[in-house]
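Spelled out from the first residue to the last, the chains are:
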Amino acid sequence: AFAPSTSFEQITYFLHLVDEVNIMTVEPGFGGQTFRKEVLPKIRNCYNIIQKENLSTLIAVDGGLSEQTIPAVVENGGQNLIIGTLLFENEHMQKIVKKIKESTT
């Protein structure tokens, strides 16, 4: 897992070595933080390298994910969405999951 402050160059070093890279869009430590959209280019750049070099590495994205931010994450290459606050602080979890699935297909 890489914090938003981790440079893209540091992440690229590991892309060849891991099955999955977790790109954080908030500072690790506690839930409910605001999604940092400046991380989207980092996700896209990882995706581009993975595609260019034909790697099997998956891109997980964690932090501040919501119905509003998830489409941009997926458009930029995010594959495994780590969703906490959105689901567990909502009494309509099944409806949220359904909306997410519909927005990413």
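As shown above, the structure is provided for reference.
Residues numbered from 1 in each chain as written. Predicted model: local features only at pLDDT ≥ 70, side-chain atom pairs only at ≥ 80, totals over all residues. Heavy atoms only, no water.

**Notes on the overall build of the chain**
Part 1 of the argument: In terms of helices and strands, the chain carries five helices and three strands.
Part 2 of the argument: For the chain, the α and β elements follow one another from N to C terminus as α-β-α-β-α-β-α-α.
Part 3 of the argument: Counting every position in the chain, which comprises 105 residues, the buried fraction comes to 39%.
Part 4 of the argument: Taking as baseline every contact in the chain between residues at least 6 positions apart, the subset at least 24 positions apart corresponds to 51%.
Part 5 of the argument: Accessible surface, the chain: about 6500 Å² in total, of which carbon and sulfur atoms supply 51%.
Part 6 of the argument: Side-chain charges in the chain split into 9 positive and 12 negative, and the spacing between the mean points of these groups amounts to 6 Å. (Helix = DSSP H or I, 4+ residues; strand = E, 2+ residues; numbered from the N terminus. Buried < 20%, exposed > 50% of the residue type's maximum accessible area, 1.4 Å probe, protein only. Contact = heavy atoms within 4.5 Å. Areas by Shrake-Rupley, 256 points an atom, 1.4 Å probe, with all protein chains shown as cover. Lys, Arg positive; Asp, Glu negative; His and termini not counted. Charge placed at Lys NZ, Arg CZ, Asp CG, Glu CD.)

**Notes on helix α1 (residues 8–15)**
Part 1 of the argument: For α1, the full list of buried residues reads Phe8, Ile11, Thr12 and Leu15. Buried residues in α1, looked at end-on, bunch into an arc of 100 degrees, giving them a common side. Residues of α1 that are exposed and angled more than 90 degrees away from the buried face: Glu9 and Tyr13.
Part 2 of the argument: Taken together, the buried residues of α1 touch β1 (20–24) and α2 (40–52). (Arc of directions from axis to C-beta.)

**A short note on unusual backbone geometry**
Where the residue is not glycine, phi is negative for most of them; where a peptide bond is considered, it is trans in most cases.
Part 1 of the argument: A positive phi angle is found at Asn54, which is not glycine, with a value near 55 degrees.
Part 2 of the argument: With respect to the helices, strands and loops of the structure, Asn54 is situated in the loop between α2 and β2 (58–62).

**Description of the pattern of salt bridges**
Part 1 of the argument: Per the stated rule, a full pass over the model turns up two salt bridges.
Part 2 of the argument: In this structure, Glu27 and Arg36 form a salt bridge, with 3.0 Å as the shortest nitrogen-oxygen distance.
Part 3 of the argument: On the accessibility criterion, Glu27 (31% relative accessible area) is partly exposed.
Part 4 of the argument: For Arg36, a relative accessible area of 28% puts it in the partly exposed group. (Salt bridge = Lys/Arg side-chain N within 4 Å of Asp/Glu carboxyl O.)

**Here we look at the pairing of β2**
The side chains of a regular strand alternate, first on one face of the sheet and then on the other.
Part 1 of the argument: When β1 meets β2, the two strands line up parallel, connected through five bridges. Bridged to Glu20 within β2 is Leu58.
Part 2 of the argument: Two strands pair when backbone bridges link them, and β2 and strand β3 (residues 80–82) are joined in this way by three bridges, in the parallel orientation. Within β3, the residue paired with Val61 across the bridge is Leu81.
Part 3 of the argument: Handedness of the crossover is the feature at issue here: the chain leaves β2, passes through helix α3 (residues 70–75), returns alongside β3, and the resulting connection is right-handed. (Pairing = 2+ DSSP bridges. Right-handed = clockwise from strand over helix to strand, strands pointing away.)

By themselves these figures say nothing about function.
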